Amino acid sequence: MKKIGVLTSGGDSPGMNPAIRAVVRKAIFEGLEVYGISQGYKGLIEGNIQKLEVGSVGDIIQRGGTMLQSARCEEFKTEEGQDKGIEQLKKHGIEALVVIGGDGSYQGAIKLTKKGFPCIGIPGTIDNDIPGTDYTLGFNTALHTVIDAIDRIRDTASSHERTFIVEVMGRDAGDIALWSGLAGGAETILIPEADESFDDIIARLHQGNERGKKHSIIVVAEGVMSGNELAEKLKEKSGVETRVTVLGHIQRGGSPSAFDRVLGSRFGGYAVDLLLQGRGGRAVGIQKNELVDYDILEVLGKEHHIDMNMYKLSKELSI
Ligand code: F6P
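Residues numbered from 1 in each chain as written. Predicted model: local features only at pLDDT ≥ 70, side-chain atom pairs only at ≥ 80, totals over all residues. Heavy atoms only, no water.

For the record, the criterion: UniProt positions are given in the numbering used here, feature names are shortened, and annotations may be inferred rather than shown by experiment.
If you look the protein chain up in an unreviewed UniProt entry, it shows as ATP-dependent 6-phosphofructokinase from Priestia endophytica. Regarding the protein chain, the UniProt comment filed under Sequence similarities (unreviewed entry) reads as follows: "Belongs to the phosphofructokinase type A (PFKA) family. ATP-dependent PFK group I subfamily. Prokaryotic clade 'B1' sub-subfamily." In its Catalytic activity (unreviewed entry) section, the UniProt record describing the protein chain reads: "beta-D-fructose 6-phosphate + ATP = beta-D-fructose 1,6-bisphosphate + ADP + H(+)".

1. Comments concerning the UniProt feature "binding site: Mg(2+)" (unreviewed entry) in the protein chain
Under the convention used in this document: Each helix corresponds to a stretch of at least 4 residues labelled H or I by DSSP, and each strand to a stretch of at least 2 residues labelled E; elements are numbered beginning at the N terminus.
UniProt annotation of "binding site: Mg(2+)" (unreviewed entry) refers to Asp103 when read in the numbering used here. Within the secondary structure layout, Asp103 lies in helix α4 (residues 103-114).

2. A few points about the packing of aromatic side chains
The following threshold applies: Centre distance within 6.5 Å is the pairing criterion for rings of Phe, Tyr and Trp, where only the six-membered ring of Trp is used; planes under 30 degrees apart are then read as stacked, over 60 as edge-to-face, and the remainder as tilted. Exposure is judged per residue with a 1.4 Å probe applied to protein chains only, and the accessible area is read against the type maximum: over 50% gives exposed, under 20% gives buried, and values in between give partly exposed. Two conditions define a charge located above a ring, namely a distance within 6 Å from the ring centre to NZ of Lys or CZ of Arg, and an angle within 35 degrees of the ring normal.
Enumeration over the complete set of coordinates arrives at 4 aromatic pairs. For the ring pair Tyr41 and Phe76, a centre distance of 4.1 Å and an interplane angle of 5 degrees mean the geometry is stacked. Within this pair, whereas Tyr41 is found in helix α2 (residues 40-46), its partner Phe76 is found in the loop between β3 (49-52) and α3 (79-91), the two being separated by 35 residues in sequence. Taking the relative accessible area as the measure of exposure, Phe76 reaches 4% and is therefore buried. Judged by centre distance (5.4 Å) and plane angle (85 degrees), the ring pair of Tyr135 and Phe259 falls under edge-to-face. Residue Tyr135 is located in the loop between β5 (119-123) and α5 (139-160), and its partner Phe259 is located in helix α9 (residues 258-276); the two are separated by 124 residues in the primary sequence. Classification of Phe259 by relative accessible area gives partly exposed; the value is 37%. Ring pairing ties together the aromatic residues Tyr135, Phe139, Trp179 and Phe259, which thus form one cluster. Looking at Lys237, its charged tip hangs above the ring of Phe198, at a distance of 5.6 Å from the centre. Between Lys302 and the ring centre of Tyr294, over which it is positioned, the NZ or CZ distance is 5.0 Å.

3. Things to note about the sheet that holds strand β9 (residues 242-246)
Heads up, the condition is: We treat two strands as partners when DSSP finds at least two bridges between them. Axis lines are fitted to C-alpha atoms, over the contacting stretch for helices. Their N-to-C directions set the angle, which ranges from 0 to 180 degrees.
Taken together, the 4 strands give an open sheet; going across it, the order is β7-β8-β6-β9, and neighbouring strands pair in parallel fashion. Each edge of the sheet is formed by a strand with only one pairing partner; in this case those strands are β7 (188-190) and β9. Neighbour-to-neighbour, the strand axes of the sheet open up by a mean angle of 20 degrees, direction not taken into account. Bridging between strand β6 (residues 163-168) and strand β8 (residues 216-221) involves 6 bridges; their strand directions are parallel.

4. Some remarks on the site of the ligand
How we decide: We call a residue near a molecule or strand whenever a single non-hydrogen atom of that residue lies within 4 Å of it. Polar contact is defined as a pair of N or O atoms within 3.5 Å, subject to the rule that within protein one atom must be able to donate a hydrogen and the other to accept it, and that residues adjacent in sequence are counted only when both atoms are side-chain atoms. In this description, accessible areas are obtained by the Shrake-Rupley approach with a 1.4 Å probe, and a residue is regarded as covered only by the protein chains that are shown. Gly counts as polar in this scheme, as do all residues outside two lists: the nonpolar Ala, Val, Leu, Ile, Met, Phe, Trp, Tyr, Cys and Pro, and the charged Asp, Glu, Lys and Arg. These domain limits were set by an automatic method or by a database of domain assignments.
Contacts to the ligand come from Arg72, Thr125, Asp127, Met169, Gly170, Arg171, Glu222, His249 and Arg252. Arg72 is positioned such that a nitrogen or oxygen atom in its side chain is 2.9 Å from an oxygen atom of the ligand. Taking 400 Å² as the accessible area of the ligand by itself, protein coverage stands at 75%. Partitioned by chemical class, the residues of the shell around the ligand number 1 nonpolar, 3 polar and 5 charged. Looking at the shell around the ligand, you find at least three residues from each of domain 1 (3-138 + 256-301) and domain 2 (139-252).

5. A word on the sheet that holds strand β2 (residues 33-37)
Note: strands within a sheet are paired through backbone hydrogen bonds, in either parallel or antiparallel orientation. Our working rule: Working rule for contacts: check all heavy atoms of both residues, and any pair within 4.5 Å makes them a contact.
In spatial order, the strands read β3-β2-β1-β4-β5-β10-β11; together these 7 strands make up an open sheet with mixed pairing. Here the strands that pair on one side only, and so sit at the sheet edges, are β3 and β11 (290-295). Ignoring strand direction, the axes of neighbouring strands in this sheet form an average angle of 25 degrees. Pairing between β2 and β3: 4 bridges, direction antiparallel. Residue pairing for β3: Ile37 is matched across the bridge by Ile49. With respect to the sheet, helix α1 (residues 16-29) is in contact with β1 (3-9), β2, β3, β4 (96-101) and β5, its orientation differing from that of β1 by roughly 180 degrees.

6. Section: the pattern of salt bridges
When the charged atoms of two side chains lie near each other, side chains of opposite charge can form a pair. So the rule is basically this: Within this document, salt bridges are pairs made up of a side-chain nitrogen of Lys or Arg and a carboxyl oxygen of Asp or Glu, the two lying within 4 Å of each other.
Applying the stated rule across the entire model yields 21 salt bridges. Among the salt bridges present, the one from Arg154 reaches Glu187, with a minimum N-O distance of 3.6 Å. Separated by 33 residues along the polypeptide, Arg154 in helix α5 and Glu187 in the loop between α6 (175-183) and β7 bring together distant segments of the chain. Of the residues examined, Glu187 reaches a relative accessible area of 10% and is grouped as buried. Between Lys233 and Glu229 there is a salt bridge, and its shortest N-O distance comes to 3.2 Å. Separated by 4 residues within a single helix, Lys233 and Glu229 lie in helix α8 (residues 227-238), roughly one turn from each other. For Lys233, a relative accessible area of 29% corresponds to the partly exposed category. Classification of Glu229 by relative accessible area gives partly exposed; the value is 35%.

7. Side note on the packing of α5 against α6
Note the threshold: Just so you know how the angles are binned, under 35 degrees is roughly parallel, over 145 roughly antiparallel, 65 to 115 roughly perpendicular, and the rest oblique. Whether a crossing is left-handed or right-handed is set by the direction in which the near helix is turned from the far one by less than a right angle, anticlockwise for left-handed and clockwise for right-handed.
The interhelical angle for the contact between α5 and α6, taken along N-to-C directions, is 50 degrees, at an axis separation of 9 Å. Between α5 and α6, the crossing angle belongs to the class labelled oblique. Considering how the two elements wind past one another, α5 and α6 form a crossing that is right-handed. Touching Phe139, Leu143, Val146, Ile147 and Ile150 of α5 are Asp175, Ile176, Trp179, Ser180 and Ala183, all from α6. Tallied by class, the residues present in the contact of α5 with α6 amount to 8 nonpolar, 1 polar and 1 charged.

Here it is, written out as structure tokens:
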């Protein structure tokens, strides 16, 4: 193998830059040429491809976002789009591709792999919802951002004796809500993986009031419902007045945490190792702090599981 490509796709996440840097530098260290594809699969179809050198990835380890930029690309979901992508890769003599992204990006990498073009998947999404890895790149940084916000909201909630609803991202997964809710001491955490009735939510608020608690934080994952919808329903069912904060895309930005920088570096280096061993069609991950790899096709059949023991604990601690 002489030439490899790297792209980032889907929602960006802090940690993508350290991963790109690691792929580029490790590959060059091993005597390979590396090509950066800008704007994900869209850029691949359009042939937006440039050779990267050691210096091309200087001064990016501390930056959020992705120096290669990202995009969501409908055309790449079609066979025609995928063939155009492969054509571009072949035109540049690229023999394998490292794809850094979330669920949709993996779908693309699987399609390419099935067509005989070897890809390696690196899990990059704040949602932490890729099966086969304990952590995805960006999840840790996003948590720090959310916790910082919750701490600030708690200050004003306490001053005004208010109930606040904080809506967090995660798509269909509740990891951001659960981890940030536990770390931020939220009184109620609503995640798509667990049903919680309005009666329970209201009972918990009353229970808190009875023991003299005058403010309260509810963290709701976007996969459950929007913060505003929750506020309206709570008002309707119990008369409880709340304030809503939707954290939105703030969660996707910012300098990657030390954890995400190290994770991105480890994932990137490992991806190149796999290619050097001639092992394409793999997804990399981390399990119990060990780097692992598995057939990228397995991502399709597996489900992401949230830690329900942690959910149970969060309820026990917020009595
Ligand atoms: O997958 C990452 C993510 O930030 C999700 O948490 C969120 O639902 C989605 O992307 C938002 O996507 P977009 O930036 O395209 O609106």
